[in-house]
Amino acid sequence: MTQARIRWIGGPVLRAEMQGTFRLHEAIEVGDGQLLGEVIQLRDDEFVAQVYEDTTGLRPGDPVHGTGQPLSVPLGPGICGHIFDGLLRPLRREDGNFFRPGLGGRTTPAMDFEPVVETGAAVSPGQAYGRVAGVGPGRACLVPPGVTGTIESIMGAGRYDGDAVLCRVKNSEGMRELHFAEPWPVRHPRPVRRRMTPDAPMVTGQRILDTLFPVARGSRAALPGGFGTGKTVLQESLAKWCDADVIVYVGCGERGNEMAEVLDEFPQLEDPRNGRPLMERTVIIANTSNMPVAAREASIYTAITAVSYTHLRAHET
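Sequence order as written defines the numbering, with residues in each chain counted from 1. The predicted nature of this model means local features are confined to residues of pLDDT at least 70 and side-chain atom pairs, given and counted, to a pLDDT of 80 or more, with totals for whole chains, interfaces and linings taken over all residues. Side-chain numbers come from the whole structure's heavy atoms, not from hydrogens or water.

## Quick notes on the overall build of the protein chain
Then step 1. Elements are defined by DSSP. Helices are runs of H or I of four residues or more, strands are runs of E of two residues or more, and each kind is numbered from the N terminus. The helix and strand tally for the protein chain stands at four helices and 21 strands.
Then step 2. Over its C-alpha trace the protein chain gives a radius of gyration of 21 Å, about what one expects of a compact globule, namely 20 Å for 317 residues.
Then step 3. The principal-axis extents of the C-alpha atoms in the protein chain amount to approximately 60 × 55 × 40 Å.
Then step 4. When the accessible surface of the protein chain is totalled, it reaches about 16800 Å², and 52% of it is carbon and sulfur.
Then step 5. For the purpose of charge, His is not counted, nor are the chain termini; Lys and Arg are scored as positive and Asp and Glu as negative. The atoms used to mark charge sites are NZ of Lys, CZ of Arg, CG of Asp and CD of Glu. Measuring between centres, the 33 positive side-chain charges of the protein chain sit 3 Å from its 38 negative side-chain charges. A radius of gyration in this sense is built from C-alpha atoms; the matching globule rule multiplies 2.2 Å by the number of residues raised to 0.38. Each accessible area is a Shrake-Rupley estimate made with a 1.4 Å probe; only the visible protein chains count as cover when residues are assessed.

## Points about the sheet that holds strand β3 (residues 26-30)
Then step 1. The strand order around the closed barrel built from six strands is β1-β2-β5-β4-β3-β6, with neighbouring strands paired in antiparallel fashion. Mean inter-strand twist for the sheet, computed between neighbouring axes without regard to direction, equals 45°. For two strands to be treated as a pair, DSSP must find at least two bridges joining them. The angle between two axes is taken between their N-to-C directions and runs from 0 to 180 degrees, where each axis is a line fitted to C-alpha atoms and a helix contributes only its stretch in contact.

## A closer look at the layout of surface pockets
Then step 1. The pocket and cavity definitions rest on a 1 Å grid over protein atoms only: a 1.4 Å probe that fits but cannot leave marks a cavity, an open set with protein on both sides within 12 Å along at least five of seven lines marks a pocket, and residues lining either have an atom within 4 Å of a point. Grid points are joined across faces, edges and corners, and a volume is the space filled by probe spheres set on the points. Taken as a whole, the largest pocket encloses approximately 2600 Å³ of empty space.
Then step 2. Every residue lining the largest pocket is counted, 50 residues in all, and those nearest its centre are R217, G218, S219, V307 and H311.
Then step 3. When residues of the lining of the largest pocket are traced back to their parent elements, those giving at least two are β19 (215-216), α2 (231-241), β20 (247-254) and α4 (293-316).
Then step 4. With 11 residues, α4 is the largest single contributor of residues to the lining of the largest pocket.
Then step 5. For the lining of the largest pocket, a count of residues per class yields 29 nonpolar, 12 polar and nine charged. Gly is put with the polar residues, along with every residue not named as nonpolar or charged; the nonpolar set is Ala, Val, Leu, Ile, Met, Phe, Trp, Tyr, Cys and Pro, and the charged set is Asp, Glu, Lys and Arg.

## Some thoughts on the pairing of strand β9 (residues 111-115)
Then step 1. Pairing geometry for β9 and strand β14 (residues 158-160), over three bridges, is antiparallel. The residue of β14 that forms the bridge with D112 is R159.
Then step 2. Relative to strand β11 (residues 128-132), β9 runs antiparallel, the two being bridged by three bridges. Within the sheet, the bridge partner assigned to E114 lies in β11 and is R131.

## A few points about the nonpolar core
Then step 1. Counting 25 residues, the largest nonpolar core has Y52, L75, I79 and L88 as its most contacted members.
Then step 2. Elements that contribute at least two residues to this core include exactly β7 (72-75), β12 (140-142), β21 (282-288) and α4.
Then step 3. One finds V117, C141, V169 and L178 within the second-largest nonpolar core, a separate group that totals 18 residues. As used in this record, nonpolar core signifies buried Ala, Val, Leu, Ile, Met, Phe, Trp, Tyr and Cys residues forming a set joined through side-chain atoms within 4.5 Å. For each residue, the accessible area found with a 1.4 Å probe, counting protein chains only, is set against the maximum for its type, and the residue is called buried under 20%, exposed over 50%, and partly exposed in between.

## Points about the state of the cysteines
Disulfide: a covalent bond formed between the sulfur atoms of two cysteine residues.
Then step 1. Note on terminology: pairs of cysteine sulfur atoms within 2.5 Å are recorded as disulfides. In this structure the tally under the stated criterion is zero disulfides.
Then step 2. C141 takes part in no disulfide bond, and the closest cysteine sulfur, belonging to C167, lies 9.6 Å away.
Then step 3. Judged by relative accessible area, which is 1%, C141 ranks as buried.
Then step 4. Not engaged in a disulfide, the cysteine C252 finds its nearest cysteine sulfur in C242; these two sulfurs lie 20 Å apart.

## So, the pairing of β11
Then step 1. By the criterion of burial, β11 is predominantly enclosed, with four of the five residues buried.
Then step 2. For β11 and β12, the ladder comprises three bridges, and the chain directions are antiparallel. Bridged to R131 within β12 is A140.

## Comments concerning unusual backbone geometry
Then step 1. Of note in the backbone geometry, H25 takes a positive phi value of approximately 70° without being a glycine.
Then step 2. Relative to the assigned elements, H25 resides in the loop between β2 (13-18) and β3.
Then step 3. Take H25: its relative accessible area is 39%, and that puts it in the partly exposed class.
Then step 4. Not every positive phi belongs to a glycine, and Q34 is a case in point at roughly 55°.
Then step 5. Relative to the assigned elements, Q34 resides in the loop between β3 and β4 (35-42).
Then step 6. What makes Q34 partly exposed here is its relative accessible area of 38%.

## Focus: the pattern of salt bridges
Then step 1. Throughout this description, the term salt bridge denotes a Lys or Arg side-chain nitrogen within 4 Å of a carboxyl oxygen of Asp or Glu. Scanning the entire structure with this criterion turns up 18 salt bridges.
Then step 2. The closest approach of N and O atoms between D85 and R89, which form a salt bridge, is 2.6 Å.
Then step 3. Close ionic contact of E280 with R276 constitutes a salt bridge, the shortest N to O distance being 2.8 Å.
Then step 4. A residue is classified by how much of its surface remains accessible, and E280, at 18% relative accessible area, is buried.

As structure tokens, then:
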């Protein structure tokens, strides 16, 4: 792990003197609290980085550690039904009303695992190698980006800790161990086979939209409007009633009171499809307007990556 020292800091932006080799867009851990940041510019003997959370207390001379990896978020089965921040750190009742700073809050619970491939099988990015027990769409364990090879060994059916090695993949570069949660780079294209042509409408549950402004399944739609015109309320309605398999709701730059309403209401909603809790097929990413601008930008990439992962899971199972 390469190191640097903060030379100058102002808000979420810092300059650090390099004591090793850093790469553009490399994820970094800043200070003793391991605040997550990203290198955005390289100079002669220093780099410029943006930090994705409150930098109060940081000062020149504090350490910066390079991870050697691009900005990534841990994705795995069981992501549905939970609330995260823009860096995919979970919001849990025991942590209080705020997300825990740094990367210490990322843990994976024990789960029941069942393999779906055998030793010797060839795997590629985005392919399922196992599944976990539970309700909700898509409980698959997926091969992360950049991993291709042959299954050297895989665990049998049983309950395993969140950090257990479930599978070992062998390729020309050596051996790669896979766990329930694996890092997925947020700024890299997702592993896909082909892009399908939209040929059917997505039922939004709002008759005015379905009649006059239909949305094609697999396409995109925008809700432009000024402050207080009802964009957030309409987004909530779409999340509640549309016929999507998985809902990923990201509140990027939302006012705190609006986001609080979503966080309070969604866990109590009933799924109109089956009468079960709607959160079983929902992921909420909360990134309010009091977060640094850089964190808001990162939350969009995080949400898109989570969408890609949950979409693969929904269709793998």
